[in-house]
Amino acid sequence: MANPAQIRSFLQAAKAEEVAPALRVVQMEGLAILKIIKHCKEFSPALVTGQLLGLDVGSVLEVTNCFPFPNREDDEELEAEGANYQLEMMRCLREVNVDNNTVGWYQSTLLGSYQTVELIETFMNYQENIKRCVCIIYDPSKSNQGVLALKALKLSDSFMELYRSNNFTGEKLREKNLTWVDIFEEIPIKVSNSPLISAFLTELEADTPLAQGDLDRLQLSTKPYMERNLEFLMECMDDVSQEQQKFQYHYRNVARQQTQQQAWLQKRRAENTARKAAGEEPLPEEDPSNPIFKPIAEPSRLETFLLTNQISNYCNQINGVAGLSFNRLYLMKALHEN
């Protein structure tokens, strides 16, 4: 007969396995990263997407392979062909014994302008079939500045719960304690290569300590990149101003409705006073059928949250580029003095 302590420990272990651990890191194969970079750079500045394949192992999401999607079109027939293309690719990969489990998708972006409603809707569509998925964002324009602009994103659990309810009013956001920084979660990326590939890369290293790529990073001109960032930043500020006007218009309507309600209540109370003096039954002070008592729907704050996220992203990019530019200028100044 089994020991009760052993049975209890087995049940506890089984229960613990049912709760998936939190996603801590995205482990990507070097080959998958190179495929993503190649696809995004070939079609830049056009935006492209592709499928991520791999395994979900505990707190690690392994991305071992990927393949590009055909360019999106508005034609429904072409969209159906794109879906058939994905299924055919998955079947071919399965036949050659390559990982064909979908773990998310990748997409390119221009100057980090990826925080949109479309990205959230894509996440929610993936979440219907995949419990844990990520989106790999690659920015070719930022990578030209000497930085590998690759990041892994996922939606926070609290935001997904609120998005399903489609209630982004100020009261609900305060209740959930949700701010604009709580929409996306960035997951650390770990690059993994097989020992043979690591050995091969070591042999490919140049003997000279300085390469042309190192010299390219010393370019002092950052004017085009800074200008585009500032242009996008000003566009976001204009969009935020329009969103604020929507809320101002909403609050004016609410104040106007409250004034009408007070006037109606005063009139009804005066009428009830006269009815009491005449010995008649007073009328109710609230009339749900009256349009002035119908609550005015508050505009959604989702767009404002996304714009605030985007503004923060542009400011961080400008700050980073400006800091690197100052470092280069001080370096060149020291070289000229010497």
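For every chain, the first residue of the written sequence is number 1, and numbering continues from 1 onward in sequence order. Given that this is a predicted model, residues contribute local features only at a pLDDT of at least 70 and side-chain atom pairs are listed and counted only at 80 or more, while totals for whole chains, interfaces and linings are drawn from all residues. Derived side-chain values reflect all non-hydrogen atoms in the structure, with water molecules and hydrogen atoms excluded from consideration.

Draft legend 1. Spatial organisation of the packing of aromatic side chains. Aromatic pairs are defined between Phe, Tyr and Trp rings, using the six-membered ring for Trp, whenever the two ring centres lie within 6.5 Å; interplanar angles under 30 degrees are classed as stacked, those over 60 as edge-to-face, and all others as tilted. Counted by the stated rule, this structure contains seven aromatic pairs. Ring geometry for W105 and F123: centres 4.8 Å apart, planes at 65 degrees, overall edge-to-face. Taken together, the residues span a long stretch of sequence, with W105 in strand β4 (residues 102–108) and F123 in helix α4 (residues 117–127) at a distance of 18 residues. Across this residue pair, the class does not change: W105 and F123 are buried. Plain terms: the ring middles of F159 and F168 are 5.7 Å apart, the flat faces sit at 40 degrees to each other, and that makes the pair tilted. Residue classification places F168 among the buried positions, given a relative accessible area of 4%. Clustering of aromatic rings is evident, with ring pairs tying together W105, F123 and Y126. Helix and strand assignments come from DSSP, with helices taken as H or I runs of at least 4 residues and strands as E runs of at least 2, each series counted from the N terminus. A simple rule labels every residue: compare its accessible area, found with a 1.4 Å probe on the protein chains alone, to the largest value its type can have, and call it buried under 20%, exposed over 50%, or partly exposed in between.

Draft legend 2. Structural view of the pattern of salt bridges. Here a salt bridge means any side-chain nitrogen of Lys or Arg lying within 4 Å of a carboxyl oxygen belonging to Asp or Glu. This model, assessed by the stated rule, comprises eleven salt bridges. In this structure, D56 engages R132 in a salt bridge whose closest nitrogen and oxygen atoms are separated by 2.4 Å. Taken as a pair, D56 in strand β2 (residues 49–57) and R132 in the loop between α4 and β5 (134–138) lie far apart in primary sequence, 76 residues in all. Residue classification places D56 among the partly exposed positions, given a relative accessible area of 42%.

Draft legend 3. Region of interest: unusual backbone geometry. A cis geometry characterises the amide bond from S44 onward to P45, with omega recorded as 5 degrees. Tracing the backbone shows P45 in the loop between α2 (30–43) and β2. Its identity as a non-glycine residue notwithstanding, N177 has a phi of 55 degrees, on the positive side. Tracing the backbone shows N177 in the loop between α7 (170–176) and β7 (184–187). On the basis of relative accessible area, N177 is assigned to the exposed category, the value being 64%.

Draft legend 4. Structural detail: helix α6 (residues 157–165). Within α6, the full set of buried residues consists of F159, M160, L162 and Y163. Looking down the long axis of α6, one finds its buried residues gathered within 165 degrees of arc, a one-sided arrangement. Set apart from the buried face of α6 by more than 90 degrees, the exposed residues are D157 and R164. The directions considered for the arc run from the helix axis to the C-beta atoms.

Draft legend 5. Region of interest: the nonpolar core. Ranked by internal contacts, the top residues of the largest apolar core, which has 30 residues, are I120, F123, L155, F159, I183 and F184. Residue contributions to this core peak at five residues, all from α4. A contact between two residues is defined here by any heavy atoms of the two lying within 4.5 Å. Among all residues touching L155, those that are not within four sequence positions of it are I120, F123, M124, M160, I183 and F184. For this analysis, a nonpolar core means a set of buried residues of the types Ala, Val, Leu, Ile, Met, Phe, Trp, Tyr and Cys, connected via side-chain atoms within 4.5 Å.

Draft legend 6. Up close: a nonpolar patch on the surface. Only residues whose relative accessible area exceeds 30% and that form no salt bridge enter a patch; like-charged residues are grouped when within 9 Å of one another, and nonpolar side chains (Val, Leu, Ile, Met, Phe, Trp, Tyr) when within 5 Å. Surface exposure here means Shrake-Rupley accessible area, sampled with a 1.4 Å probe, where a residue is shielded only by the protein chains that are shown. On the surface, I197, F200, L201 and L204 cluster together into a nonpolar patch covering about 380 Å² of accessible area. If you trace the backbone, L204 turns up in helix α8 (residues 195–204).

Draft legend 7. The arrangement of the confidence of the model for the protein chain in detail. Summary statistics for the protein chain give a mean pLDDT of 80 and a share of 86% for residues scoring 70 or more. The score called pLDDT rates the predictor's confidence residue by residue, from a low of 0 to a high of 100. Averaged pLDDT values for the elements of the protein chain fall to 50 in helix α1 (residues 4–18) and rise to 93 in β5. Contacts for the low-pLDDT stretch residues 13–17, under 50 throughout, to residues beyond four places or in other chains number zero contacts.

Draft legend 8. The sheet that holds strand β3 (residues 60–68), seen in detail. Note: two strands are recorded as paired if DSSP finds a minimum of 2 bridges between them. Overall, mixed pairing links the eight strands, which are arranged β7-β6-β5-β4-β2-β3-β1-β8 in an open sheet. Each having just a single partner strand, β7 and β8 (189–192) make up the two edges of the open sheet. Strand-to-strand twist in this sheet, taken as the mean axis angle between neighbours without regard to direction, amounts to 35 degrees. With five bridges joining them, β4 and β5 adopt parallel strand pairing. Pairing of G104 across the sheet is with V134, part of β5. Inter-axis angles, ranging from 0 to 180 degrees, are taken between N-to-C directions of lines fitted to C-alpha atoms, where helices are fitted over the stretch in contact. Helix-sheet contacts for α4 involve β2, β4, β5, β6 (150–155) and β7, and the interaxial angle to β4 is about 165 degrees.

Draft legend 9. Representation of the pairing of β3 within the structure. Pairing analysis gives four bridges linking strand β1 (residues 25–29) to β3, with the strands arranged parallel. In the sheet register, Q27 faces β3, and the bridge partner there is E62. Here β2 runs beside β3; their pairing, made up of eight bridges, is antiparallel. Residue pairing in the sheet places L53 in a bridge with N65 of β3. Hairpin remark: β2 followed by β3, antiparallel, with two residues in the connecting loop; positive phi at G58, about 60 degrees.

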